[in-house]
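These are the residues of each chain, in order.
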Amino acid sequence: MTISNVLAVNRLLLRPYLAHARCVIDATVGNGHDSAFVLHHAPHLQYLFCCDIQAQAMESSQRKLAAIDTPAQIYRYEMNHAYVLEDFPLAVDVILFNLGYLPGGSHALHTRTEDTLRACTAGLQALRRGGVLSVVSYPGTAAGAEEDRALHAWAQALPQQKWHVARVRMPNQIHQPPCLLFIERR
Ligand SMILES: C[S@@+](CC[C@H](N)C(=O)[O-])C[C@H]1O[C@@H](n2cnc3c(N)ncnc32)[C@H](O)[C@@H]1O
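None of the values given here were measured: they were computed from a predicted structure.

Caption draft 1: Quick peek at the sheet that holds strand 7 (residues 179–185). With mixed pairing, the 7 strands of this open sheet are ordered in space as 3-2-1-4-5-7-6. In this open sheet, the two strands that pair with only one neighbour each are strand 3 (73–77) and strand 6 (163–168). Taking the axes of each pair of neighbouring strands and ignoring which way they run, one obtains an average angle of 10° across the sheet. In this sheet, strand 4 (residues 92–98) lies alongside strand 1 (residues 23–26) in parallel orientation, the contact comprising 3 bridges. By the bridge assignment, Ile25 is partnered in strand 4 with Ile95. The strands touched by helix 1 (residues 6–18) within the sheet are strand 1, strand 4, strand 5 (127–137), strand 6 and strand 7, with strand 7 carrying the most contacts at an inclination of about 15°. Across the sheet, helix 2 (residues 33–41) is in contact with strand 1, strand 2 (47–51), strand 3 and strand 4; its angle to strand 2 comes to roughly 175°.

Here it is, written out as structure tokens:
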């Protein structure tokens with residue numbers, strides 16, 4: 001167990017939710033590392049929905065996930081997560097966003113603030129009671145800093161009666177380290 005960075009903290013926080021999760025959405029599947037973590041830690045998982053706008057990410061994540069033995073059904077959407085999440089038909093246990101650009105891919109294909117806010121807003125509506133939405137943001141680039149600020153403002157405005165909201169930062173790390181936003185439906 002370690003809290004060496006927010007990705008590690010995110011995984012620590014996610015584990016108890018994944019332990020009984022049946023439906024999970026990875027809104028930014030990228031190379032599939034987060035989805036693989038889900039498959040390894042969600043023994044009751046029935047559905048995993050994976051989204052990304054890039055064919056390169058869909059192929060890379062498919063290769064990674066194909067190596068994992070799981071009874072869960074995996075659905076892939078090569079499209080904007082905002083469209084996938086709007087009016088999502090199932091109650092979802094866990095929704096993951098890991099923002100920014102695809103490691104090893106084009107830096108120009110960064111997540112966009114407008115789509116991220118739209119998708120997170122829709123994602124909250126899809127969560128079942130006790131479900132969580134987790135967002136890792138990367139304020140180290142101009143686009144990432146704008147997205148992180150907008151997410152923070154958005155999360156601050158969520159009514160306390162409905163949502164538990166936690167924000168994790170690593171204040172002694174250099175170079176604008178990533179931040180975590182963790183939101184639980186009460
Ligand atoms: C930091 S990577 C995700 C890392 C990934 N979760 C993993 O474990 O490898 C961010 C991903 O978000 C994707 N992305 C950007 N905008 C998107 C959008 N509107 N909808 C879905 N995916 C998007 C990028 O193509 C990129 O693959």
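The rest of the description comes next.
Caption draft 2: Fine view of the packing of aromatic side chains. Taken as a whole, this structure holds 6 aromatic pairs when the rule is applied. Seen in terms of ring centroids, Phe49 and Tyr75 are 5.2 Å apart; in terms of plane orientation they differ by 15°. Their pairing is stacked. On the criterion of sequence distance, the pair formed by Phe49 in strand 2 and Tyr75 in strand 3 is long-range, its members being 26 residues apart. For Tyr75, a relative accessible area of 33% gives the class partly exposed. Feature note: the residues Tyr47, Phe49, Tyr75, Tyr77 and Phe88 constitute an aromatic cluster, connected by ring pairs.

Caption draft 3: Spotlight on the pattern of salt bridges. In total, this model carries 5 salt bridges according to the counting rule given. Where Asp34 meets Arg11, a salt bridge forms, and the shortest distance between an N and an O atom there is 3.3 Å. In this pair, Asp34 is assigned in helix 2 and Arg11 in helix 1, connecting sequence segments 23 residues apart. Ionic pairing is found between Arg167 and Asp148, a salt bridge with its closest N-O pair at 3.1 Å. Of this pair, Arg167 sits in strand 6 while Asp148 sits in helix 6 (residues 142–156), placing them 19 residues apart in sequence. Of the residues examined, Asp148 reaches a relative accessible area of 5% and is grouped as buried.

Caption draft 4: Quick peek at a nonpolar patch on the surface. Taken together, the side chains of Met1, Ile3 and Leu12 make up a nonpolar region of the molecular surface, amounting to roughly 390 Å² of accessible area. On the secondary structure map, Ile3 appears in the segment before helix 1. Using a relative accessible area of 56% as the deciding quantity, one classes Ile3 as exposed.

Caption draft 5: Here's a closer look at the site of the ligand. Around the ligand lies a shell of 20 residues, among which Thr28, Asp34, Asp52, Gln54 and His81 are the nearest. Between an oxygen atom of the ligand and a main-chain N or O atom of Gly32, the distance comes to 3.3 Å. Asn80 places a side-chain nitrogen or oxygen 3.2 Å from a nitrogen atom of the ligand. The fraction of the free accessible surface of the ligand (610 Å²) that becomes covered by protein chains is 96%.

Caption draft 6: Representation of the pairing of strand 2 in the model. For strand 2, the buried fraction is high: 4 of the 5 residues fall into the buried class. Sheet analysis places strand 1 next to strand 2, joined by 4 bridges and oriented parallel. When the sheet's bridge partners are listed, Ile25 is paired in strand 2 with Phe49. Regarding topology, helix 2 serves as the crossover connection from strand 1 to the parallel strand 2, and that connection is right-handed. With respect to chirality, the unit in which strand 2 leads through helix 3 (residues 55–66) into the neighbouring parallel strand 3 is right-handed.

Parameters at a glance
Residues numbered from 1 in each chain as written. Predicted model: local features only at pLDDT ≥ 70, side-chain atom pairs only at ≥ 80, totals over all residues. Heavy atoms only, no water. Pairing = 2+ DSSP bridges. Helix = DSSP H or I, 4+ residues; strand = E, 2+ residues; numbered from the N terminus. Axes fitted to C-alpha atoms, helices over the stretch in contact; angles between N-to-C directions. Contact = heavy atoms within 4.5 Å. Phe/Tyr/Trp six-rings, centres within 6.5 Å; stacked < 30°, edge-to-face > 60°. Buried < 20%, exposed > 50% of the residue type's maximum accessible area, 1.4 Å probe, protein only. Salt bridge = Lys/Arg side-chain N within 4 Å of Asp/Glu carboxyl O. Patch = residues over 30% accessible without salt bridge, like charges linked within 9 Å, V, L, I, M, F, W, Y side chains within 5 Å. Areas by Shrake-Rupley, 256 points an atom, 1.4 Å probe, with all protein chains shown as cover. Near = heavy atom within 4 Å. Polar contact = N/O pair within 3.5 Å; in protein donor to acceptor, adjacent residues only side chain to side chain. Right-handed = clockwise from strand over helix to strand, strands pointing away.

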